[in-house]
Amino acid sequence: MTLQSNNISPSRPVIRQLDEAAINRIAAGEVVERPASAVKELVENALDAGARRIAIDYADGGKTLIRVTDDGCGMTAEDLPLALSRHATSKIDGSDLLNIHSFGFRGEALPSLGAVGRLTIHSRVEGGEGASLAVAGGRMEGVRPAALTCGTVVELRDLFYATPARLKFMRTDRAEAQAIGEVVKRLAMAEPAVGFTLRDVSGGEARVMFRCDPEQGDLFDALHGRLARVLGAEFAENALRIDAEREGMQLLGYAALPTYSRGSGAAQFLFVNGRPVLDRMLFGALRAAYMDVLSRDRHPAAVLNLICDPERVDVNVHPAKSEVRFREAGLARELIVSALRQALAEAGHRASSTVAGETLQAFRPEPQPMPPRVYQMDRASQPTLARAYAFQAPMQTEGQPAIQGFAEAPSARVEAPSVGEEARPLGAARAQVHENYIIAQTETGMVIVDQHAAHERLVYERLKRQRDGAGIAAQALLIPEIVDLSPGDAGRLLDMAEELARLGLGIEAFGGSAIAVREVPAILGQVDAAGLLRDILDDLDDVGGSDRVQARMDAILSRMACHGSVRSGRQMRAEEMNALLREMEATPLSGQCNHGRPTYVELKLADIERLFGRR
């Protein structure tokens, strides 16, 4: 059997000029992948026309109907045929393809949609007559008069009817409808001053799937209100305002606290000059900004808009304009990383409010068929409480030991109140339970602190400050600890011996694949050197390449901090617990450990009273 290439024809290929219909169908394959792509193009056209309210209707996941109605500037009867011609646009004059201020600029969307579906446009300019034009499968009809208010209505029916093969690759109606909703919400976040309404009109019955009215106020107030409506009130409550500028580039938006992290990147929305983008470099910068406060399996939530001169970014590098290319990519990355890290540091010990909500939810009993009874009780005075406690204590006769039972001492250690400490943000330590959790009382409730997670973050921040200052102080071991490793792991650590020495960890070869640990950072005290080295190797595998020196050093310091922090099971005195609370209040990022888990939970007194039926 003779081997032949499928690309070689026995006859000489002939070059032909494709007709206009075929050209438009090919262009549609690049621009319109699915119904959501058509919605994106039509809504962006409406935004470019200056619309303040946009209504989107769809049926059967957008396969049979997509209708976009806007109150923009509209088009005249003379404009309509030109709007359906390829590469005809009102947004650029063709002289400068870098100075682009609009969503669209190629003039491909409408003719591409008309080539693969049945497209009808009704439009009217202010003070003019309404007109309509229809095109089906690339065949255009004549312009007709139409009655409508100022604006444009674009109706697309039977998408891909002219290219039936494309229909086989469509997903279910539900999946396509979900994709349309994501596109509309993304554009709604980009334009908070514009109102959006999304309706499913399948089966002749209209159901509102998403609605948001135009937001009022300044840029940040409007964006905050829009994000609360699109992403939910929890995101808005736990988001940090981002407003930074560097060398003519500006970053605006909101980024969530690390303890509000997600299991995927679905809550990350990035824009460049208001244009939604899916750019790998920008998402990498977002990830790098949270590297210090999130584990690798958690993802930050953020809505960020990078604003710069249009000539400093090329948006014409992707058919769907979802990727961009910066003239100064390094500057854009540095701006994102530095702005987010500064905002996270300024948040101090603040943790996500959802942590307390989840804690309270865990306390609540199972739902009852009958509503719980609400007790109305007055607060007793302290003398009354003292008499009640004395009355409820077990009886003790003279000469007999006290009866252990109802009034026995608690298993947790209780500390005497500290004067003035309750006014502090994290309150005053009252007790330690299970030798791992500190209970503190504040003026408005109580705080539960994970002592190991909190101290791990504090040690990590101290190590970083020492590294960036005079260097990390090292403590020589009286007897070096010998650690046996595989030849590959030993070689990797020895290659990094100079870096590790700057971090206070002194190692050297000890014959074969063994390594001698001669110095450890003084701040860590007594550590398990073998476990520390193996954990450092694991973290280096996660961080990756040698070009990320700073990331590798941070990963090593994070692991050192974990080994040098207060361990679970250690009893702490009252002054130690209060000192830990005070240092948390003064240390940036202390609301979460090095892996993004919360270091404390705050419960308001009102919520606690509600749990017990007092409210």
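All values derive from a computational prediction rather than experimental measurement.

### Quick look at the overall build of the chain
Inference 1: Looking only at helices and strands, one finds 19 helices and 24 strands in the chain.
Inference 2: Relative to its full complement of 615 residues, the chain shows a buried share of 47%.
Inference 3: Within the chain, contacts between residues at least 6 apart in sequence are counted, and of these 68% link residues at least 24 apart.
Inference 4: Surface summary for the chain: the accessible area is close to 32200 Å², and the carbon and sulfur share equals 51%.

### Topic: the packing of aromatic side chains
Inference 1: For the structure shown, the criterion picks out 2 aromatic pairs.
Inference 2: For Arg241, the ring lying beneath its charged end belongs to Phe220, and the centroid distance is 3.8 Å.

### Regarding the environment of Val337
Inference 1: By the secondary structure assignment, Val337 is in helix α10 (residues 329–346).
Inference 2: It is 4.5 Å that separates the C-alpha atoms of Val337 and Ala289, two residues lying 48 residues apart in sequence.
Inference 3: When sequence neighbours within four positions are dropped, the list of residues in contact with Val337 reads Ala285, Ala288 and Ala289.

### Focus on the nonpolar core
Inference 1: Val43, Ile54, Ile56, Leu119, Phe196 and Phe235 are the most contacted members of the largest nonpolar core, which totals 60 residues.
Inference 2: No other element matches the 9 residues that helix α6 (residues 173–190) contributes to this core.
Inference 3: Sequence-distant contacts of Ile56, that is, excluding residues within four places in its chain, are made with Val39, Val43, Arg67, Val68, Val184, Phe196, Thr197, Leu198 and Arg199.
Inference 4: The next biggest cluster of nonpolar side chains, apart from the first, holds 38 residues, and it includes Val277, Tyr290, Leu294 and Leu335.

### A short note on helix α9 (residues 280–289)
Inference 1: Taken as a whole, α9 has its buried residues at Leu282, Phe283, Ala285, Leu286, Ala288 and Ala289.
Inference 2: In this fold, the buried residues of α9 make contact with β12 (268–272), β13 (275–277), β14 (302–307), β16 (325–326) and α10.

### Some remarks on the pairing of strand β3 (residues 118–124)
Inference 1: Of the two faces of β3, only the one carrying Leu119, Ile121 and Ser123 is buried; Arg118, Thr120, His122 and Arg124 on the other face are not.
Inference 2: When β3 meets strand β4 (residues 131–136), the two strands line up antiparallel, connected through 6 bridges. Its bridge partner being in β4, Ser123 is matched across the sheet by Ala131.
Inference 3: Joining the antiparallel neighbours β3 and β4 is a turn of 6 residues, in which Gly127 adopts a positive phi near 80 degrees.
Inference 4: Examined bridge by bridge, β3 and strand β7 (residues 151–157) share 7 bridges and lie antiparallel to one another. Bridge pairing links His122 to Val153 in β7.

### Description of the pattern of salt bridges
Inference 1: This structure, assessed with the given rule, holds 27 salt bridges.
Inference 2: With a closest N to O distance of 3.9 Å, Glu41 and Lys40 form a salt bridge. Across this residue pair, the class does not change: Glu41 and Lys40 are buried.
Inference 3: Put simply, Arg67 and Asp57 hold a salt bridge, and the shortest N to O gap is 3.0 Å. Of the two residues, Arg67 sits in strand β2 (residues 65–70) while Asp57 sits in strand β1 (residues 53–59), which places them 10 residues apart along the sequence.
Inference 4: You can call Asp57 buried: its relative accessible area is 5%.
Inference 5: Three or more residues are tied together by salt bridges with common partners; here these are Asp57, Arg67, Glu155, Arg157 and Arg199.

### Observations regarding the sheet that holds strand β21 (residues 474–484)
Inference 1: Reading across the sheet, the 3 strands line up as β21-β23-β22 and stay open at both edges, with antiparallel pairing between neighbours. Lying at the two open borders of the sheet, with one neighbouring strand each, are β21 and β22 (506–509). With direction set aside, neighbouring strand axes in the sheet form an average angle of 20 degrees.
Inference 2: Against the sheet, helix α14 (residues 487–495) makes contact with β22 and β23 (514–521), and its axis sits at roughly 130 degrees relative to β22, the strand it touches most.

### Some words on the sheet that holds strand β10 (residues 239–246)
Inference 1: Judged by pairing direction, the sheet is mixed, and its 5 strands sit side by side in the order β10-β11-β14-β12-β13 without closing on themselves. Across the chains shown, the open sheet's two edge strands, defined by having one partner strand only, are β10 and β13. On average, each strand axis in the sheet is tilted by 20 degrees relative to the strand beside it, whichever way the strands run.
Inference 2: When β12 meets β14, the two strands line up parallel, connected through 5 bridges. Bridge assignment links Val272 to a residue of β14, and that residue is Leu306.
Inference 3: The strands that α6 touches are β12, β13 and β14; relative to β12, the one it contacts most, it runs at about 55 degrees.

### A short note on the packing of helix α13 (residues 451–468) against helix α18 (residues 574–586)
Inference 1: Their axes nearest at 10 Å, the elements α13 and α18 cross at an angle of 55 degrees. Here α13 lies oblique to α18, going by the angle between them. For α13 against α18, the interelement crossing comes out left-handed. Seen from α13, the contacting residues are Gln451, Ala454, His455, Leu458 and Arg462; seen from α18, they are Leu580, Glu583 and Met584.
Inference 2: Residue classes in the contact of α13 with α18 are distributed as 4 nonpolar, 2 polar and 2 charged.

Conventions used here
Residues numbered from 1 in each chain as written. Predicted model: local features only at pLDDT ≥ 70, side-chain atom pairs only at ≥ 80, totals over all residues. Heavy atoms only, no water. Helix = DSSP H or I, 4+ residues; strand = E, 2+ residues; numbered from the N terminus. Buried < 20%, exposed > 50% of the residue type's maximum accessible area, 1.4 Å probe, protein only. Contact = heavy atoms within 4.5 Å. Areas by Shrake-Rupley, 256 points an atom, 1.4 Å probe, with all protein chains shown as cover. Phe/Tyr/Trp six-rings, centres within 6.5 Å; stacked < 30°, edge-to-face > 60°. Lys NZ or Arg CZ within 6 Å of the ring centre and 35° of its normal. Core = buried A, V, L, I, M, F, W, Y, C linked by side-chain atoms within 4.5 Å. Pairing = 2+ DSSP bridges. Salt bridge = Lys/Arg side-chain N within 4 Å of Asp/Glu carboxyl O. Axes fitted to C-alpha atoms, helices over the stretch in contact; angles between N-to-C directions. Parallel < 35°, antiparallel > 145°, perpendicular 65-115°, else oblique. Left-handed = near helix turned anticlockwise from the far one by under 90°. Nonpolar A, V, L, I, M, F, W, Y, C, P; charged D, E, K, R; others polar.

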